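Topology and contacts: notes
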Amino acid sequence: MTQTPDDKIFGADGLISQFHDKYEYREGQVRMAAAIATAFEDKKHLIVEAGTGTGKTLAYLIPAIAASIKHNRRIIISTGTKNLQEQLMEKDIPFLQKILPTKFTAAYMKGRSNYACLYRINKSDDQPILDGIDEVDHFAQVREWSRETQTGDRAELTYLPENLSFWSRVNAKSETCIGQKCPDFEPCFITRMRSRAESADIVIVNHHLFFADLNVRGNQFGKVLPDYGAVIFDEAHLIEDIAADYFGFQTSNYQFDEVARDATNLPIADAIAIAGITKAAGKVVGLAEQFWARFTQGRGGDGRFPLLPDTFAIRGRDGKPVPSSHGEAYHALDDALSRLENDVDVFSEKLPEADSLVRRIRQGRFDLEFIIKQADANYVYWLERRGRGVFLQASPVDVSSLLQDKLFDKVETCVLTSATLSTNGGFSFIRNRLGLSAGTTNTLVAPSSFDYQSQAIVYLPKAMPDPRSPEFTQMAAAEIVNILHSTQGRAFVLCTSNSSMKALYEIVSSRVGYPCFLQGTMSKTGLLERFRGTSNAVLFATSSFWQGVDVQGDQLSCVIIDKLPFAVPTDPLVAARSKFIDDNGGRSFFDYSVPQAVISLKQGIGRLIRSSTDRGVIAILDPRLRTKPYGRDFLASLPRMRITSDIEDVRSMFDAQV
């Protein structure tokens, strides 16, 4: 008989209530835990939409721990954000280790680039990696921290800027790792992390690491995670995009610059040999610069652009086949990389740094060739510019068959949960996108325990212009100022783009007297701590604060959303997915764009009500909720709340709280 969680754990007098001051009995939590326990016993997959307030982390952790101990199998918990990963490891796991009679062990793993590399930090004393006084000071702090920290996780550096320019040169990314040949292998933070995971019953990871591991399992690179018998995906609405990244190919201008730099820094005593390598590396830098320059000419600003099929085509000239200018630049760069590879390979057997570098060059050449040839019709090929970075990428258009083959057909039980997985009351969208068979997958909607009708209202301002109109930003800023005066700050302003976030911050912060914080000015963890600790604060943020962020109480009393979070239709990956759906008889806007945006909107709204005593306002400034027929799909998918267009209703709600 299937064992299900009972009142001994979740009841009014159960284990949790005895040790948790704020515990509230939640029917949805009990139903979710029982469904997960059943899925483990029956070896089936499960999709659970757990509305905000369900208490989903305990609802999946408790049956996961029970199944792990009973069946002696490791279970992976994969989260969408580092914020949630840290919450599980620092709050929920210690709590359960304290109260549960069954003892269990847990460990957490992040991607290697989150960890400091002791070897590279020590080597950096001999290499110029810093620019400016601030960087020198920041590096000194990082070096001192690396000698004291037990984990090496840069999340501990909350007092430093989020983007440390030198971090990529001192982190433990796999491309530069020399493995067991490293003199710092034993004290290495990655070695310690993996050792803890190998002996743990429950391993907490994030989706990026999980799919990085899934992509390399079975090939020459082995595995990243320890073996497991089941996996639970929290924030499972993110899986499609993250899987597409890791089943794809990418190369960038940074990659070849780093290869050339690391080649010149190889510890080779032979002066003639190092001179030859330095010359070959210089050739790579020069030709790489010419190659990447062709992708910046005539294009303005950052963004994603399709990589047209004939970009590298061979064209006829006077009856003779001649590569395009892009093609010529590619072949010249590849030849230079080949020469550098050969020069470095001479030292591979004796020098672990050389062996690592040769592997990087070969992989980089393979990835670039795959993108250049565009031979696989199942991939979309695209270019992205971010600041000084230029990236060429190939992503699978449809990941459903890949996930079915690599994951759902191989792992007995996969549980997918999130506050936002259903659209129009069903799960067909998420099942189809991810390749889950209806026959092997159970579903459940675990309703929220919150009374949204009395706890929140939705404010839709009158007479807002179309979000694509030039006057939208100014009018949106004016509305935000009015709302903040009514709520006395205490708000998240969630934006659909960095440009919108920065523009609204500049205007609004100069017109209100409340402390205003901007995402990116410090680490996310540090920023959230500042917000929680500052009265009447306002935080302007984008996608990473739409999910996995929990601020209870009056400190967050308002969530303002600037626009409906539609994916950019001209984005190459979005356009390719839409075309794939249309070509196969579907209607991409209604089958993909609208459901995806509904799920994103539900995520943003979920930041507001985090306990049964929370009250507040959700303001959505996009008029399409009322002017477009599909607006009904959005409103129907939200928790049932009173909707108003009168700012006085917002004010009266907060007047009632005083």
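Residues numbered from 1 in each chain as written. Predicted model: local features only at pLDDT ≥ 70, side-chain atom pairs only at ≥ 80, totals over all residues. Heavy atoms only, no water.

1. Side note on the overall build of the protein
Scanning the protein from N- to C-terminus turns up 26 helices and 20 strands. Taken over the C-alpha trace, the protein has a radius of gyration of 26 Å; the compact-globule value for 658 residues is 26 Å, and the two agree within 12%. Principal axes of the C-alpha set define a box for the protein whose edges measure 80 × 60 × 55 Å. Here the protein holds 658 residues, and 56% of them are scored as buried. (Helix = DSSP H or I, 4+ residues; strand = E, 2+ residues; numbered from the N terminus. Rg over C-alpha atoms; globule rule 2.2 N^0.38 Å. Buried < 20%, exposed > 50% of the residue type's maximum accessible area, 1.4 Å probe, protein only.)

2. Things to note about the environment of Tyr630
Following the sequence through the fold, Tyr630 ends up in the loop between helix H24 (624-627) and helix H25 (631-637). By relative accessible area, which is 11% here, Tyr630 ends up buried. Each C-alpha atom, one on Tyr630 and one on Ala59, is 34 Å from the other, the two residues being 571 residues apart in sequence. Apart from the residues within four sequence positions on either side, Tyr630 is in contact with Leu564, Phe566, Phe589, Phe590, Val594 and Arg624. (Contact = heavy atoms within 4.5 Å.)

3. Considering unusual backbone geometry
Of all residues except glycine, most have a negative phi; of all peptide bonds, most are trans. You will see that Lys43, though not glycine, has its phi angle at about 55°, which is positive. Structurally, Lys43 can be placed in the loop between helix H3 (27-42) and strand S1 (45-50). With phi around 50°, Asn72 is a residue other than glycine that occupies positive phi space. Its place among the elements puts Asn72 in the loop between helix H4 (56-71) and strand S2 (75-79). You can call Asn72 exposed: its relative accessible area is 72%.

4. A closer look at helix H14 (residues 325-345)
Residues that lie three or four places apart on an α-helix share one face, since the helix turns once every 3.6 residues. In this model H14 runs 30 Å from its N-terminal to its C-terminal C-alpha over 21 residues, within 8% of the 30 Å that 1.5 Å per residue would give. Those residues of H14 lying buried are His326, Gly327, Ala329, Tyr330, Leu333, Asp334, Ala336, Leu337, Leu340, Glu341 and Val344. (Expected span 1.5 Å × (residues − 1).)

5. Some thoughts on the pattern of salt bridges
A full pass over the atoms with the stated rule returns 28 salt bridges. Residues Glu41 and Lys70 are paired through a salt bridge, measuring 3.2 Å at the closest nitrogen-oxygen approach. Of the two residues, Glu41 sits in helix H3 while Lys70 sits in helix H4, which places them 29 residues apart along the sequence. Among the ionic pairs, Arg577 bridges to Asp241, the shortest N-O distance being 2.7 Å. Taken as a pair, Arg577 in helix H22 (residues 572-583) and Asp241 in helix H11 (residues 239-246) lie far apart in primary sequence, 336 residues in all. For Asp241, a relative accessible area of 38% gives the class partly exposed. Three or more residues joined by partner-sharing salt bridges are found here, namely Asp334, Glu341, Asp345, Arg362 and Arg365. (Salt bridge = Lys/Arg side-chain N within 4 Å of Asp/Glu carboxyl O.)

6. Things to note about the pairing of strand S19 (residues 616-620)
Counted residue by residue, S19 has five buried out of five residues, so it is predominantly covered. Sheet analysis places strand S14 (residues 456-459) next to S19, joined by four bridges and oriented parallel. By the bridge assignment for S19, Ile457 is matched with Val617. For strand S18 (residues 558-561) and S19, the ladder comprises four bridges, and the chain directions are parallel. Within S19, the position partnered with Cys558 by the bridge is Val617. (Pairing = 2+ DSSP bridges.)

7. Some thoughts on the nonpolar core
Ile77, Leu96, Phe210, Phe233, Leu403 and Leu407 are the most contacted members of the largest nonpolar core, which has 104 residues in total. In terms of residue count, the dominant contributor to this core is H4 (eight residues). Setting aside chain neighbours within four positions, we find Phe210 in contact with Ile76, Ser78, Val205, Leu225, Tyr228, Val231, Phe233 and Leu407. The next biggest cluster of nonpolar side chains, apart from the first, holds 43 residues, and it includes Ala280, Phe312, Ile361 and Leu392. (Core = buried A, V, L, I, M, F, W, Y, C linked by side-chain atoms within 4.5 Å.)

8. Thoughts on the side chain of Glu341
Along the chain, Glu341 falls in helix H14. Once residues lying within four places of it in the same chain are set aside, the contact partners of Glu341 are Val358, Ile361, Arg362 and Arg365.

9. Quick look at the confidence of the model for the protein
Mean pLDDT over the protein works out to 88, with 94% of the residues at or above the 70 mark. The secondary structure element of the protein with the lowest average pLDDT is strand S8 (residues 314-317), at 54, and the one with the highest is strand S5 (residues 230-234), at 97. The low-confidence segment residues 1-5 (pLDDT under 50) makes 13 contacts with residues lying over four places distant or belonging to another chain. (pLDDT = per-residue confidence, 0-100.)

10. Here's the deal with the state of the cysteines
Taken as a whole, this structure holds zero disulfides when the rule is applied. A disulfide-free cysteine, Cys117 has its sulfur positioned 5.9 Å from the sulfur of Cys182, the nearest such atom. Take Cys117: its relative accessible area is 16%, and that puts it in the buried class. (Disulfide = S-S within 2.5 Å.)

11. Regarding the packing of H14 against helix H15 (residues 352-373)
One way to put it is that H14 packs onto H15 with a least axis distance of 9 Å and a crossing angle of 160°. Taken together, the axes of H14 and H15 are roughly antiparallel relative to one another. Of the two elements, H14 crosses H15, and the hand of that crossing is left-handed. Mapping the contact onto sequence places Tyr330, Leu333, Asp334, Leu337, Ser338, Leu340, Glu341, Val344 and Asp345 in H14 and Ala354, Leu357, Val358, Ile361, Arg362, Arg365, Leu368, Glu369 and Ile372 in H15. Of the residues that constitute the contact of H14 with H15, the class distribution is 11 nonpolar, one polar and six charged. (Axes fitted to C-alpha atoms, helices over the stretch in contact; angles between N-to-C directions. Parallel < 35°, antiparallel > 145°, perpendicular 65-115°, else oblique. Left-handed = near helix turned anticlockwise from the far one by under 90°. Nonpolar A, V, L, I, M, F, W, Y, C, P; charged D, E, K, R; others polar.)

12. Description of the packing of aromatic side chains
What the rule picks out here adds up to 26 aromatic pairs. Note on Phe249 and Phe366: the rings are 6.1 Å apart at their centroids and 55° apart in plane angle, and the pair reads as tilted. Placement of Phe249 in strand S6 (residues 249-252) and of Phe366 in helix H15 is noted, with a sequence separation of 117 residues between them. By relative accessible area, which is 44% here, Phe366 ends up partly exposed. For the ring pair Phe492 and Phe545, a centre distance of 6.3 Å and an interplane angle of 85° mean the geometry is edge-to-face. Note that Phe492 is positioned in strand S15 (residues 491-494) and Phe545 in the loop between strand S17 (538-541) and S18, a separation of 53 residues in sequence. An identical accessibility class is assigned to Phe492 and Phe545; each is buried. Counting every residue linked through ring pairs, the aromatic cluster contains Phe210, Phe211, Tyr228, Phe233 and Phe247. One cation-aromatic arrangement involves Arg386 over Phe391; the distance from NZ or CZ to the ring centre is 4.0 Å. (Phe/Tyr/Trp six-rings, centres within 6.5 Å; stacked < 30°, edge-to-face > 60°. Lys NZ or Arg CZ within 6 Å of the ring centre and 35° of its normal.)

13. Some details on the sheet that holds strand S10 (residues 379-386)
What the four strands build is an open sheet, ordered S6-S11-S10-S7; its pairing is antiparallel. Each of the sheet's edge strands pairs with one partner strand only, and the pair in question is S6 and strand S7 (303-306). Taken over all neighbouring pairs, the strand axes of this sheet differ in orientation by 20° on average, direction set aside. Note that S7 and S10 share four bridges and pair antiparallel. Within S10, the position partnered with Arg304 by the bridge is Glu384.

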